[in-house]
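Chain residues, written in single-letter form:
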Amino acid sequence: MRTLSAHTIRSALAALFFMLVFPVFAQEPMTFDKEPLVIQTASGKTFNFIVEVADTNEQRQRGLMYRKQMAQDAGMIFDFGVSRRVQMWMENTILPLDMLFVDSTGTIRNIKQNAVPYSEDIIDSMTSVKYVIELNAGVTARLGIKTGDRVMSATTTKRK
């Protein structure tokens, strides 16, 4: 019969510890700055939101994961710093979301409505964008927000 060394046992216990504890830490709240955001439709209607700003890699990776609720006038803006094709997914995201893919001029180029919670399916911007805005699912349909509408916030108007 073979016995396990103390080193092997410690390594196994350490691995088990990190497997159990890391997911708990991943769900810890992350702090985001907030700012007003306005969406203006082609017909001239304006809708006001308060969004959290995800402008670091860590914040963009976390996004709205693990959130169980969000106010109807709330959301998140992901600032990628440069225009590029963006791919997102809903892993560990509890809330169904609408995703607005916005170019550097603040124009909505694509919308993914009702992204499915926990889905690992890739949601592609289909074109170069600088920002992604996530709102509660159904908001874009209910308010009539469409491709070509404009987004204005401190993030979308700052010069980099």
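Here's what I pulled together on the structure shown here. Model, not experiment: these values are computed from the prediction.

### Some details on the sheet that holds strand β3 (residues 74-88)
The 7 strands are arranged β5-β4-β6-β3-β2-β1-β7 in an open sheet whose pairing can be described as mixed. Of all strands in the sheet, those bounded by a partner on one side alone are β5 (108-115) and β7 (150-153). Sheet twist, expressed as the average angle between the axes of neighbouring strands with direction ignored, equals 35 degrees. Examined bridge by bridge, strand β4 (residues 97-102) and strand β6 (residues 123-136) share 6 bridges and lie antiparallel to one another. Bridge pairing in β6 places Val-102 opposite Tyr-131.

### Some words on the pattern of salt bridges
Applying the stated rule across the entire model yields 3 salt bridges. Residue Asp-124 is joined to Arg-85 by a salt bridge in which the shortest nitrogen-to-oxygen separation is 2.8 Å. You can see Asp-124 sitting in strand β6 and its partner Arg-85 sitting in strand β3, a full 39 residues away along the chain.

### Points about the pairing of β4
In terms of burial, β4 is largely enclosed, as 6 of its 6 residues are buried. Of the two faces of β4, the one carrying Leu-97, Met-99 and Phe-101 and the one carrying Asp-98, Leu-100 and Val-102 are both buried. Counting the residues between successive antiparallel strands, the hairpin from β4 to β5 contains 5 residues, one of them, Gly-106, with a positive phi of roughly 90 degrees.

### Notes on unusual backbone geometry
What you tend to see is this: most non-glycine residues have negative phi, and most peptide bonds are trans. For Tyr-66, which is not glycine, the phi dihedral falls at a positive 70 degrees. As for its placement among the helices and strands, Tyr-66 is situated in the loop between α2 (57-62) and β3. Given the relative accessible area of 22%, Tyr-66 is considered partly exposed. One non-glycine residue, Met-126, lies in positive phi territory at about 70 degrees. One can find Met-126 in strand β6. What makes Met-126 exposed here is its relative accessible area of 57%.

Procedures and definitions
Residues numbered from 1 in each chain as written. Predicted model: local features only at pLDDT ≥ 70, side-chain atom pairs only at ≥ 80, totals over all residues. Heavy atoms only, no water. Pairing = 2+ DSSP bridges. Helix = DSSP H or I, 4+ residues; strand = E, 2+ residues; numbered from the N terminus. Axes fitted to C-alpha atoms, helices over the stretch in contact; angles between N-to-C directions. Salt bridge = Lys/Arg side-chain N within 4 Å of Asp/Glu carboxyl O. Buried < 20%, exposed > 50% of the residue type's maximum accessible area, 1.4 Å probe, protein only.

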